[in-house]
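A closer look at the structure
Residue strings, one per chain:
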Amino acid sequence: MTRLNRQSLIIGLTFLVLAVLPPLLSAIDQSYYVSIASKILIYALVGISLDLIIGQAGLVSFGHAAFFGMGGYVCGVLSHHSANDLLVFSVFTGTNNALISWPLAVLVCMVLGIIIGVISLRTTGVYFIMITLALAQMVYFLIISIPQYGGEDGLSLWTRNKLPGLNLQDDTQFYYICLAWVIIYLLIAHKLIYSSLGLMIKGAKLNHQRLIALGHPPFKAQLMIFVLSAMGSGLAGALMVNLTQYVSPDYLHWSLSGKFLVIVILGGIGFLFGGLYGALILLGLEEILSSYTDHWHFILGIALVIIVLTSKSGLYASLVGRKAT
Amino acid sequence: MILFIEQLFNGLQLGVTLFLLASGLTLVFGIMGLINLSHGSLYMVGAYVTATVTNHTGNFFLGICAALVCAAILGVIIEMTIMRRLYHRDHLYQVLATFGLILFFNESVRIIWGSQPLFIDIPQSLNFTVNLFGQGGYPAYRIAIIVLGIVILLALFVLIFYSKIGMLTRAGSSNREMAQALGININRLYTGIFAFGAVLSALAGGLAGPIYAVEIGMGESVLILAFVVIVIGGIGSIKGSFIAALLIGIVDTLGRAYLPAFFKTFMSASDGAVVGGSLASIAIYLLMAVILVVKPQGLSSKL
Amino acid sequence: MLQVNRLCARYGLSEILHDVSLSAKQGDIVTLLGRNGMGKTTTLRSIMGLTPAYQGQISFQSEPIHQLPSWKIAQLGIGYVPEGRQIFPNLTVRENLIATARVSKSKHWNEQTIYELFPRLAERQYNMGNQLSGGEQQMLAIGRALMTNPELLILDEATEGLAPLLRQEIWQCLQQLKSLEQSILIVDKNVKDLLKIANYHYILEKGNVVWHGDSEQLNKNTDIIENYLAV
């Protein structure tokens, strides 16, 4: 079987399984797993968006929790204000309407992405890693220094957002919303990669100097992809807060940025679709290990070291029979 | 004024702690090209070992010595089993493997020592205050840390620029293959440098023990500060690290001490506290951003 | 003292050396000749353990060395002067000499004797490696290798890229080494100069040794020089 066929087969099969998962789970009376599946999809969305910047541009962002958390906080804070009838910045009211708060979350992350991107894209390599980490840490400290939003404790929400015509409180409907976003984001990312912009970004990864010499300084293109990546992660954060009905500084924490990187690696760098498998493995492992021991981080840590030392391509990459780029 | 000098010294003390951590980090990165997130874990282990031995024997200096020995052994083991396999890998994989090590170390500490923080008393011999400029008392222990940090900086300079080991280190960092072809066992040299960095990190952790709580995760928050330090200082530069560490220590400490009060002068007390507190908590990151805009490679780029 | 037996080496997937055998005796000056890209440098790198031998054996003073790491090979007594000199740029001249030195009372080479051999280096001992001219760098590279007091000195492109006068200086230095009975394995393009000081020659062509003989034989066989060495 050729690679392409094998790849389309796997993608097709995966989406088939994802499409029928909720009825399947309720048929075997395991509906509890629907919300876990939603969580996997949400993390997959981050994995896909992060792979956009790592796999395509070759820049390792160690700060994507900042976007994830920021998206979540925008959603959570709006909802908090609307539930308690408080004004945001004493100017406008909060809202619980997904049609307002989700786009707003993505918009805020876009702005944050531009700010962080403009600063960190001045550098590459290990500087980029550390600067994204540091700037994400800045966002973390900024948020927990605001006592109104729960400080280090975070905020609990009364209810999920409202989406006209749908009931997000229903786990199955919420699951399909997450799935739809993953598909939409995959399509956008896919389109971008094969556009001239995407090629330019790939070119910058291979030969930065030459692109500049050819009159295409890659900064703008890299910034665009970085911002798109930030927006995807922000959307995922908004979904996450809806899933758990809880906004926590943990969503901004640097260790979550680390986990996002793990997802990308497990899935295989450069395979957008791999993020789905990366999220599946990581969360699956978390779910299984934590049911046996409280100290599952101990095992995860060792596993990570072993994975890095022994393998060079991710699971999805091995499935489709290719080496990660 | 007294308060200001006190805060300045607190800043220096934080800066020195950061320098101990950052110097090992920057050496390992500058020479081996390894970005080691788990450097902070050795800081934590150093603090825990110091706390345990001190609380058992009642002797803080014995505790510090035990921590240094432990860190050296751990450093050698980690380098030989894991790190040397990472030198040639992409930074992403280095980040991932050392992230795994953080999880491993944090959980190991939880298993061994439990989740409750530990506390260390300031050693009796340093538990007094010193008059600064004839006014106000300042803890001698903190002054001791500052002095020790400066001594270590000088020792590092002598070691790197005037000892044969230092020459070999610099030779190896510019041309690893050539150093080997002239008969230098680079692997052993690298193990030594890594273990040395681990010892400095554990020293920083042990010294911080009596000032901050000894708890799980203490390594990471300070590690991220150390990253800011080496980014500002220029990766690989000891001199740059020292300057940047003091800068960060002072800006962070003074920011926390004065910004809330400053904003309260023209805002309501509660708003001022929030805005000032927020700004103080991000001041060093803003500083980093500004320096990077001016000098993307940091203040200094030579070893 | 040095025996290379049916050496085969590759870079990645492409084989550079197919079948190289050569030997050097104590006190000999042996040359490796051949056009660019014929495998001279690779042969030297294989001896030093920098490009591992894929097949074949290399032994030095009857000890097999083809599986040793390069630092051990160097410590057994081989001093290496690489192509392009590869001075440590961030070390001073003096530091370049002493960082990797293995000197002792009973050995001939130390800082003093190196400065006598190359007075220029003494003048520039506090300059950084990257502040030297090409000729000075070459002197420093030779001095650095001699400071390990090697039994065998390996010189890759000893005079490449140097002005004629500087070349003469290097040849004179090699002549001096010869009078000290230093064994040398040397690669260079100036066959005439090599013929004057070397005893034995190997010619490499596409990764194989195609001819070997002493200086007298090479002098007689001008067609060999024509065939394998003329540009």
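Scope of this entry: the structure provided in the associated data block. (Residues numbered from 1 in each chain as written. Chains lettered and ligands numbered in written order. Predicted model: local features only at pLDDT ≥ 70, side-chain atom pairs only at ≥ 80, totals over all residues.)

A look at the overall build of chain B
Assigned secondary structure in chain B consists of 11 helices and two strands. For chain B, the α and β elements follow one another from N to C terminus as α-α-α-α-β-β-α-α-α-α-α-α-α. Scaling as 2.2 N^0.38, a compact globule of 303 residues should have a C-alpha radius of gyration of about 19 Å, and chain B matches this with 20 Å. Principal-axis analysis of the C-alpha atoms gives chain B an extent of 65 × 50 × 40 Å. Here chain B holds 303 residues, and 53% of them are scored as buried. When contacts within chain B are restricted to residue pairs at least 6 apart in sequence, long-range pairs at least 24 apart make up 76% of them. (Helix = DSSP H or I, 4+ residues; strand = E, 2+ residues; numbered from the N terminus. Rg over C-alpha atoms; globule rule 2.2 N^0.38 Å. Buried ≥ 20, exposed ≤ 12 C-beta atoms within 10 Å, placed from the backbone. Contact = placed C-beta atoms within 7 Å.)

A few points about the overall build of chain A
Scanning chain A from N- to C-terminus turns up 13 helices and four strands. Counting over 325 residues, chain A shows a buried share of 50%. Across chain A, every contact between residues at least 6 apart in sequence was considered, and the portion connecting residues at least 24 apart equals 75%.

So, the interface of chain B and chain A
Across the boundary between the two partners, chain B contributes 35 residues, which contact 37 residues of chain A. Contributions of two or more residues to the side of chain B that touches chain A are made by α4 (91-113), α9 (218-233) and α11 (269-294) of chain B. It is α4 of chain B that provides the largest number of residues to the side of chain B that touches chain A, a total of 16 residues. In the side of chain B that touches chain A, the residues fall into 25 nonpolar, seven polar and three charged. (Nonpolar A, V, L, I, M, F, W, Y, C, P; charged D, E, K, R; others polar.)

Some remarks on the interface of chain B and chain C
Counting from both sides, the interface comprises 18 residues of chain B and, opposite them, 19 residues of chain C. For the side of chain B that touches chain C, the element with the most residues is helix α6 (residues 164-174) of chain B, which contributes six residues. Looking at the side of chain B that touches chain C, its residues break down into 10 nonpolar, five polar and three charged.

Focus on the arrangement of the chains
Comparison of the two pairs of chains in contact shows the highest number of contacts for chains A and B. One finds no contact between chain A and chain C; the C-alpha atoms of the two approach each other to within 18 Å at their closest.

Side note on the packing of helix α4 (residues 98-120) of chain A against helix α9 (residues 219-244) of chain A
All names here are of chain A. Their axes nearest at 8 Å, the elements α4 and α9 cross at an angle of 140°. As far as their axial angle goes, α9 and α4 are oblique. Considering only the axes of α4 and α9, their crossing is right-handed. For the pair α4 and α9, contact is made by Trp102, Ala105, Val106, Val108, Cys109, Met110, Leu112, Gly113, Ile114, Gly117 and Val118 and by Leu223, Phe226, Val227, Ala230, Met231, Ser233, Gly234, Leu235, Gly237 and Ala238, respectively. In terms of residue class, the contact of α4 with α9 is built from 16 nonpolar, five polar and no charged. (Axes fitted to C-alpha atoms, helices over the stretch in contact; angles between N-to-C directions. Parallel < 35°, antiparallel > 145°, perpendicular 65-115°, else oblique. Left-handed = near helix turned anticlockwise from the far one by under 90°.)

Topic: the pairing of strand β10 (residues 208-214) of chain C
Residues and elements named next belong to chain C. Note that strand β9 (residues 200-205) and β10 share six bridges and pair antiparallel. By the bridge assignment for β10, histidine 201 is matched with glycine 213. Linking β9 to β10, which pair antiparallel, is a turn of two residues; within it lysine 206 sits at a positive phi near 50°. (Pairing = 2+ DSSP bridges.)

So, the environment of methionine 200 of chain A
Position of methionine 200 of chain A relative to the elements: it lies in helix α7 (residues 196-206). In the structure, methionine 200 of chain A is positioned 21 residues away from alanine 221 of chain A in sequence and 7.2 Å away in space, judged by C-alpha atoms.

Considering the environment of alanine 273 of chain B
Residues and elements named next belong to chain B. The topology assignment puts alanine 273 in helix α11. For alanine 273, a count of 18 C-beta atoms within 10 Å corresponds to the partly exposed category. Put simply, alanine 273 and threonine 54 are 219 residues apart on the chain and 38 Å apart in space, counted from C-alpha to C-alpha.

Digging into the nonpolar core
Counting residues in hydrophobic clusters, the biggest one holds 271 residues, and the most contacted among them are Leu45 and Ala134 of chain A, Leu96, Ala226, Val228 and Val229 of chain B together with Ile154 of chain C. Here valine 228 of chain B is in contact with Ala134 of chain A together with Ile248, Ile284, Tyr285 and Met288 of chain B, once residues within four sequence places are set aside. (Core = buried A, V, L, I, M, F, W, Y, C linked by C-beta atoms within 7 Å.)

Considering the pairing of strand β2 (residues 14-24) of chain C
Residues and elements named next belong to chain C. Pairing of strand β1 (residues 2-11) with β2, which is carried by seven bridges, proceeds in the antiparallel orientation. Counterpart to leucine 2 in the pairing with β2 is alanine 24. Hairpin geometry of β1 and β2 is characterised by an intervening segment of two residues between the two adjacent antiparallel strands and by a positive phi of about 60° at glycine 12.

Observations concerning the packing of helix α2 (residues 39-57) of chain B against α4 of chain B
All names here are of chain B. With their axes 10 Å apart at the nearest point, α2 and α4 run at an angle of 15° to one another. With respect to α4, the axis of α2 lies roughly parallel. Between α2 and α4 lies a crossing of left-handed hand. Residues Ser41, Met44, Val45 and Tyr48 of α2 lie in contact with α4, whose contacting residues are Leu101, Ile102, Phe105, Val109 and Trp113.

Section: unusual backbone geometry
A positive phi angle, near 55°, is found at glutamine 245 of chain A, a position not held by glycine. The residue glutamine 245 of chain A is located in the loop between α9 and β4 (246-247) in this model. Residue glutamine 245 of chain A is classed as partly exposed on the basis of its C-beta count, with 16 C-beta atoms lying within 10 Å. Positive phi, normally seen in glycine, also occurs at asparagine 149 of chain C, with a value near 45°. With respect to the helices, strands and loops of the structure, asparagine 149 of chain C is situated in the loop between α6 (134-146) and β7 (152-156).

What to know about α9 of chain B
All names here are of chain B. Helix length check: α9, at 16 residues, gives a terminal C-alpha distance of 23 Å against a target of 22 Å (1.5 Å per residue), a fit within 8%. Burial analysis of α9 places 15 of its 16 residues in the buried class, the great majority of the element. Residue glycine 234 follows α9 closely and has a positive phi angle near 100°. (Expected span 1.5 Å × (residues − 1).)

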